[in-house]
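Structure assessment
The lines below spell out each chain.
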Number of protein chains: 2
Amino acid sequence: MRVLKPEVAKERKEKILRWVVQQFVESRRPIGSQLLADSALKDISSATIRNIMKDLEEEGYLYQPHTSGGRIPTDKAYRYYVDYLTGIQRMAAQERERIEKQYDERVGELDNVMLKTSRLLAHLSGAAGFVYSANVADQVVKRLDFLPLGGGTLLAVLITESGTVRHWPVRLGYDLAPSKVRLLSNFINAEITGMTLNEAQKFLWQYIKAGHREVADIADVAVQVLKDMQKPRADGDELYIEGLGRMLETTEEADYEDLRQMMRIVEERQRLSGLLAEKMDDLRRSGKDVAVSIGSENEIKELQNVSIVSSTYRVGDRTVGMLGIIGPKHMQYTKVMSLVKLMGDLLEGSISAWNALPGKEDDYE
Amino acid sequence: MRVLKPEVAKERKEKILRWVVQQFVESRRPIGSQLLADSALKDISSATIRNIMKDLEEEGYLYQPHTSGGRIPTDKAYRYYVDYLTGIQRMAAQERERIEKQYDERVGELDNVMLKTSRLLAHLSGAAGFVYSANVADQVVKRLDFLPLGGGTLLAVLITESGTVRHWPVRLGYDLAPSKVRLLSNFINAEITGMTLNEAQKFLWQYIKAGHREVADIADVAVQVLKDMQKPRADGDELYIEGLGRMLETTEEADYEDLRQMMRIVEERQRLSGLLAEKMDDLRRSGKDVAVSIGSENEIKELQNVSIVSSTYRVGDRTVGMLGIIGPKHMQYTKVMSLVKLMGDLLEGSISAWNALPGKEDDYE
DNA sequence: TATTAGCACTCTTTTAAAACGTCTGCTAAT
DNA sequence: ATTAGCAGACGTTTTAAAAGAGTGCTAATA
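Residues numbered from 1 in each chain as written. Chains lettered and ligands numbered in written order. Predicted model: local features only at pLDDT ≥ 70, side-chain atom pairs only at ≥ 80, totals over all residues. Heavy atoms only, no water.

**Things to note about the protein's contact with DNA strand C**
Inspection of the region around DNA strand C gives 23 residues, with S33(A), S68(A), R71(A), R12(B) and T48(B) positioned closest. For DNA strand C, the backbone makes up 76% of the atoms found within 4 Å of the protein, where backbone means sugar plus phosphate. Here a phosphate oxygen of DNA strand C and a side-chain polar atom of R12(B) are 2.9 Å apart. Contact distances for DNA strand C include 3.3 Å between a phosphate oxygen and a backbone N or O atom of S45(B). The element that contributes the greatest number of residues to the surface near DNA strand C is helix α3 (residues 46-58) of chain B, accounting for four residues. Its residues assigned to classes, the surface near DNA strand C shows four nonpolar, 13 polar and six charged. (Near = heavy atom within 4 Å. Polar contact = N/O pair within 3.5 Å; in protein donor to acceptor, adjacent residues only side chain to side chain. Helix = DSSP H or I, 4+ residues; strand = E, 2+ residues; numbered from the N terminus. Nonpolar A, V, L, I, M, F, W, Y, C, P; charged D, E, K, R; others polar.)

Here's what the structure looks like:
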């Protein structure tokens, strides 16, 4: 291993490492010393580069797929590269503006923002884009309304502060007078607005058990509603992934197997949800903007050949979800990281605009 | 061209054609005369088969990718094959039961049936499954409600007879008293239930223009609502496609280009929607159960290497949507056709159960 | 007259060998 | 410490040959 003039040497070593990663991301084929010496690092001879690369290999940053033939970055190298980039990333104002414009055009009104945002992410990155919303039960309720459908059924409509609108049928088995439905709606909204769904549930249970007079006649309805409220959770958290198709375009024949594996996971939403939930926690705790998980850093086996670039989004001061892209390890991290960050901001903006509307409280009668 | 004993000859010719198609669907490589003579048609010599195949080629049923090397079915051959199959298809009771059970488990309550159905279709067929719902504007309204969000905004919730629930924000710019909102809801529901959205819109315009006293004070709100009602149409019709990932699994390297093309189309929903709308019309008119479009029979260029098996579903006596699968031309038509048919029935059943609930009318005050 | 066996020919696919290019590791010179 | 130069390694591409599969035609057959 080379020694002497430690800072200078280290500097140069890292520079070479960065070049290898960068070149590899672009060309997707092993990088040799000559190539580097000729293209990027004209002031260092290929022999020197060779020596340094050997050191880097010993340190676990590079990997030689065949005895003779260039070297490829390991996950550790990507990790270094991404960490290095983290400070640098900034998007050209022009680019930023272009994306913001597209966001306004394509996402627009707060109807299915999550879906649309994930599509736009996919579109702009050329990889798969996702938007994930943590457990609905932990989200703050903006409104919970009931529409009478007749036939002993109500349609519950839940609106959260993050703009999600969910609805599900509640079967009572008998019809409820419209006025009673209204009473129920008004009562619930007056009481639970501002709580999380979980809190609301607990609160309502208490309230009913306490046997308050004004809800006596709708108590059993409320109970039924509470029971059904759990149901949306069966699907797990909300997760949109789009643009898997586009990945076919940017993937090389050789990497199809990786892609296949990935698809398998994506179809199996449960596990991915789990992973994202965890990642969200990490990210929130670390306080970082954008997180990058590279290959083997992902616990799920099938994802060890892809990278995930993700960011959280907040409602008020609560972190309620994540968004990002899933793509090949050799992606353009610089670009993608800024993109994800920006989209996160835009999504947050979109939600807080929606949220500026204070969930109007009817006074119940 | 062979002549003589016309019926017998024709019979055998078709038999050979069917075998070629069937073998090709399984092996995905050109079928030669020897192969057939050895495997399936042991009582006819390869030479005879050769002669007949030549005839079939002249008639446009088979195609020789290389001067020497087996033959491949043309779209015309698939068409013949599918038509032949149409009479035969029937699913084993056992299989049917298994699928019905899965449907109950996985689709269940009428919450996002369309999405879930398309996922199940994909899952069971190994190809991409879709469910398409025709223009919302032509669907019968079951309810149209408004929830006050405050900040000069209402959330409109539209429930159609086919079980679709749509919602969109209506910005009024000023707040409406809760009682007024209720009045609006009740009035609208009492009047328009049972109309299509389009009819409802026309009706309401007339009503407002006529200046009826009881709606005078909410007229401008109604106008705004009507305007915003158009919006959901911007997305075009509702279309869910799932399972594109799974197609990777069943596709061979060589056919990836076809797959890529297909994905491109799917991302571009507009055109696909158009195609499906047309197809739905054809299907409804012909009165057939299941339609199969093979390769070049699809107008869209990018879809000329895939087949679409589709069926319609009804609400009452109105055909409101389609469902089916998109897959490789060489798919197991027998299986897929029965599957699509069955899923259509199940979806219809699911909707009509929901629809048994009569959109409860409040009498407005 | 329809069917079949046999054969020469064509064309793709597979296999093998050779030529090429790129990279490494080492050594000696700077 | 760096560099130039060179031998050896190994993947990739090119080229050539062999194998395999199928066709069309003709002559024999039932």
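**Quick notes on the domain arrangement of chain A**
All names here are of chain A. Taken domain by domain, chain A holds domain 1 (6-73), domain 2 (90-134 + 238-356) and domain 3 (138-232). For domain 2 versus domain 3, the separation of C-alpha centres amounts to 33 Å. Listed per partner, the contact involves eleven residues of domain 2 and twelve residues of domain 3. Overall, the association of domain 2 and domain 3 removes approximately 900 Å² of surface from exposure, summing both partners, and the carbon and sulfur fraction of that is 48%. Applying the counting rule to domain 2 against domain 3 returns two residue pairs in polar contact (both at pLDDT 80 or more). Broken down by secondary-structure element, the contributors of at least two residues to the side of domain 2 that touches domain 3 are β10 (318-328) and α13 (333-355). The element best represented in the side of domain 2 that touches domain 3 is α13, accounting for three residues. Of the residues contributing to the side of domain 2 that touches domain 3, the split by class is seven nonpolar, two polar and two charged. (Domains from an automatic or database assignment. Contact = heavy atoms within 4.5 Å. Buried area = accessible area lost by both parts, 1.4 Å probe.)

**Here's the deal with the sheet that holds strand β3 (residues 128-133) of chain B**
Residue and element names in this part refer to chain B. The strand order β7-β3-β10-β9-β8 describes an open sheet built from five strands, whose pairing is antiparallel. This sheet does not close on itself; its edge strands, each paired only once, are β7 (238-242) and β8 (290-294). On average, each strand axis in the sheet is tilted by 20° relative to the strand beside it, whichever way the strands run. In the sheet, β3 pairs with strand β10 (residues 318-328) via six bridges, with the strands oriented antiparallel. Following the sheet pairing, S133 is matched in β10 by G321. Across the sheet, helix α12 (residues 269-286) touches β3, β7, β8, β9 (306-315) and β10, and the angle it forms with β10 is around 115°. (Pairing = 2+ DSSP bridges. Axes fitted to C-alpha atoms, helices over the stretch in contact; angles between N-to-C directions.)

**Considering helix α3 (residues 46-58) of chain A**
Residues and elements named next belong to chain A. Counted at 1.5 Å a residue, the expected span for α3 with its 13 residues is 18 Å, and the 18 Å between its end C-alpha atoms agrees. Among all positions in α3, only I49, I52, M53, D55 and L56 are buried. Here the buried residues of α3 occupy an arc of 155° about the axis, which is enough to place them on one side. The first or second residue beyond α3 is G60, which carries a positive phi of 90°. (Expected span 1.5 Å × (residues − 1). Buried < 20%, exposed > 50% of the residue type's maximum accessible area, 1.4 Å probe, protein only. Arc of directions from axis to C-beta.)

**Some points on the sheet that holds strand β4 (residues 141-150) of chain B**
Residue and element names in this part refer to chain B. Within the open sheet, the three strands sit side by side as β4-β5-β6. Their pairing is antiparallel. Strand pairing shows two members of the sheet lacking a second neighbour, β4 and β6 (165-171), which therefore form its edges. Across the sheet, the mean angle from the axis of one strand to that of its neighbour is 20°, orientation sign disregarded. Bridging between strand β5 (residues 153-160) and β6 involves seven bridges; their strand directions are antiparallel. Among the inter-strand pairings, L158 is bridged to a residue of β6, identified as R166. Against the sheet, helix α7 (residues 178-192) makes contact with β4 and β5, and its axis sits at roughly 170° relative to β4, the strand it touches most.

**Quick word on the environment of K15(A)**
Residues and elements named next belong to chain A. By the secondary structure assignment, K15 is in helix α1 (residues 6-27). On the basis of relative accessibility, which here comes to 40%, the residue K15 falls in the partly exposed class. Along the backbone, K15 and F130 are 115 residues apart, and their C-alpha atoms lie at a distance of 33 Å.

**Observations concerning the packing of helix α11 (residues 256-267) of chain B against α12(B)**
Residue and element names in this part refer to chain B. At a closest axis distance of 5 Å, the pairing of α11 and α12 adopts a crossing angle of 90°. On the basis of the axis angle, α11 is roughly perpendicular to α12. Where α11 approaches α12, its residues I265, V266 and E267 are matched on the opposing element by R269, R271 and L272. For the contact of α11 with α12, the per-class residue count stands at three nonpolar, no polar and three charged. (Parallel < 35°, antiparallel > 145°, perpendicular 65-115°, else oblique.)

**Some words on the pattern of salt bridges**
Charged atoms that come close allow side chains of opposite charge to pair. Residue and element names in this part refer to chain A. In the structure shown here, the tally under the stated rule is 32 salt bridges over all chains. Where R79 meets E297, a salt bridge forms, and the shortest distance between an N and an O atom there is 2.6 Å. Here R79, found in helix α4 (residues 75-88), pairs with E297, found in the loop between β8 (290-294) and β9 (306-315); they are 218 residues apart in sequence, far enough to count as distant. Measuring nitrogen to oxygen at the nearest pair gives 2.6 Å for the salt bridge that ties R143 to D145. For R143, a relative accessible area of 1% translates into the label buried. The class for D145 is buried, based on a relative accessible area of 4%. Three or more residues joined by partner-sharing salt bridges are found here, namely R79, D83 and E297. (Salt bridge = Lys/Arg side-chain N within 4 Å of Asp/Glu carboxyl O.)

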